[in-house]
Amino acid sequence: MHRYAIPLLCAVAATFAALWATPPAAPIVADAVPVMVSAPTCASDDLALACPAQLSAAELDAILSGYGSPAVGTGAAWVTQGREWGINPEIGLAFFVHESSAATAPGWAGWKPDGSSTHNVGNIICAGYATCYGRFRDYPDWQAGIADWYRLIAQEYRDGRGHRTVDDVIPVYAPSFENDVSGYIGAVRGLVSEWRGR
């Protein structure tokens, strides 16, 4: 009898040890309320490319409307593409406004003789692109132009060169031999800060 008692005692002890070590199951709460987590915010003058959108599509459309831009209605494209590429849409829109007054500047290089435009929101140079008008890329619509601007900034500047802020991007994007780099940076910072501060 004793020869069975020790193994039996060991088995009982092992069972209790296993039960003791198993954490208790989480209680089921029937009236649980979901926790609302707000989106991260950035300072009004934060020009980090990765800053999440601080303005809605409707707010971006209102900004475009204020300029009388033919690109009104693209607010959702700015926000969606920004989310997909991890680039802040207010920064993208500020580039568009600085480059062409949101496609309202009379001397903008994107205007064609027939009154149509290249839909090139960033005055991106052709550089082997499939369709070009003069020295700039030519897109079929605003959505295509917006998508290509995000792709360029994400792949060529952020991923390709390690740029993380507007201050990193602009000296290469708009070099000093044909642009006022500090003026460009200041214009983007001023626009973004103004829009976020509304």
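For the structure itself, look to the data block above.
Per chain, residue numbering runs from 1 following the sequence as it is written. At least 70 in pLDDT is required for a residue's local features to be given in this predicted model, at least 80 for side-chain atom pairs to be given and counted, and no such filter applies to totals for whole chains, interfaces and linings, which use all residues. In computing side-chain properties, one takes all heavy atoms of the structure into account and sets aside hydrogens as well as water.

Secondary structure elements follow DSSP: runs of H or I no shorter than four residues count as helices, runs of E no shorter than two count as strands, and numbering proceeds from the N terminus. Tallying secondary structure elements over the protein chain gives 7 helices and 2 strands in all. Start at the N end of the protein chain and walk to the C end: the helices and strands fall as α-α-α-α-β-β-α-α-α. Exposure is judged per residue with a 1.4 Å probe applied to protein chains only, and the accessible area is read against the type maximum: over 50% gives exposed, under 20% gives buried, and values in between give partly exposed. Taking all 198 residues of the protein chain together, the buried fraction comes to 37%. Surface summary for the protein chain: the accessible area is close to 11100 Å², and the carbon and sulfur share equals 62%. Where accessible areas are quoted, they stem from the Shrake-Rupley method and a 1.4 Å probe; at the residue level, only the protein chains shown are allowed to cover.

In a disulfide, the sulfur atoms of two cysteines are held together by a covalent bond. When the sulfur atoms of two cysteines come within 2.5 Å, that pair is taken as a disulfide. The tally for this structure, following the rule as stated, stands at 2 disulfides. Sulfur-sulfur distance for the disulfide between Cys-42 and Cys-51 comes to 1.9 Å. Across the S-S bond linking Cys-42 and Cys-51, the dihedral sits near 130°, which makes this disulfide right-handed. The disulfide partner of Cys-126 is Cys-132, and the gap between their sulfur atoms is 1.6 Å. Around the S-S axis, the bridge from Cys-126 to Cys-132 shows a dihedral of about 70° and counts as right-handed.

Any Phe, Tyr or Trp ring, taking Trp's six-membered ring, that has another such ring centre within 6.5 Å forms a pair; planes under 30 degrees apart are called stacked, those over 60 apart edge-to-face, and the others tilted. Taken as a whole and assessed by the stated rule, the structure comprises 12 aromatic pairs. Judged by centre distance (6.0 Å) and plane angle (55°), the ring pair of Tyr-157 and Tyr-173 falls under tilted. In this pair, Tyr-157 sits in helix H5 (residues 142-161) while Tyr-173 sits in helix H6 (residues 166-173), placing the two residues 16 residues apart along the sequence. The burial state of Tyr-157 is the same as that of Tyr-173; both residues are buried. Within the aromatic cluster, the residues linked to one another by ring pairs are Trp-78, Phe-95, Phe-96, Trp-108, Trp-111, Trp-142, Trp-149, Tyr-150, Tyr-157, Tyr-173 and Tyr-184. Positioned over the ring face of Tyr-157 is Arg-161, at 5.0 Å from the centre of the ring. By definition here, charges over rings are those cases where NZ of Lys or CZ of Arg is within 6 Å of the ring centre and within 35 degrees of the ring normal.

Grouped together as the largest cluster of nonpolar side chains are 44 residues, with contacts concentrated most on Trp-78, Phe-95, Phe-96, Trp-149, Ile-170, Tyr-173 and Val-188. Among the elements of the structure, helix H2 (57-67), helix H3 (75-85), helix H4 (89-100), H5, H6 and helix H7 (181-196) are those that each provide at least two residues to this core. At 8 residues, the largest contribution of residues to this core is made by H5. Here, residues are in contact when the closest pair of their heavy atoms is within 4.5 Å. In contact with Phe-95, other than residues within four places in its own chain, are Val-121, Trp-149, Val-166, Val-169, Ile-170, Tyr-173, Tyr-184 and Val-188. Throughout this description, the term nonpolar core refers to a set of buried Ala, Val, Leu, Ile, Met, Phe, Trp, Tyr and Cys residues connected via side-chain atoms within 4.5 Å.

For residues that are not glycine, phi is negative in most cases, and the peptide bond is trans in most cases. Even without being glycine, Ser-101 reaches a positive phi, approximately 50°. Tracing the backbone shows Ser-101 in the loop between H4 and strand E1 (132-133).

By themselves, these observations are geometric and do not establish any function.
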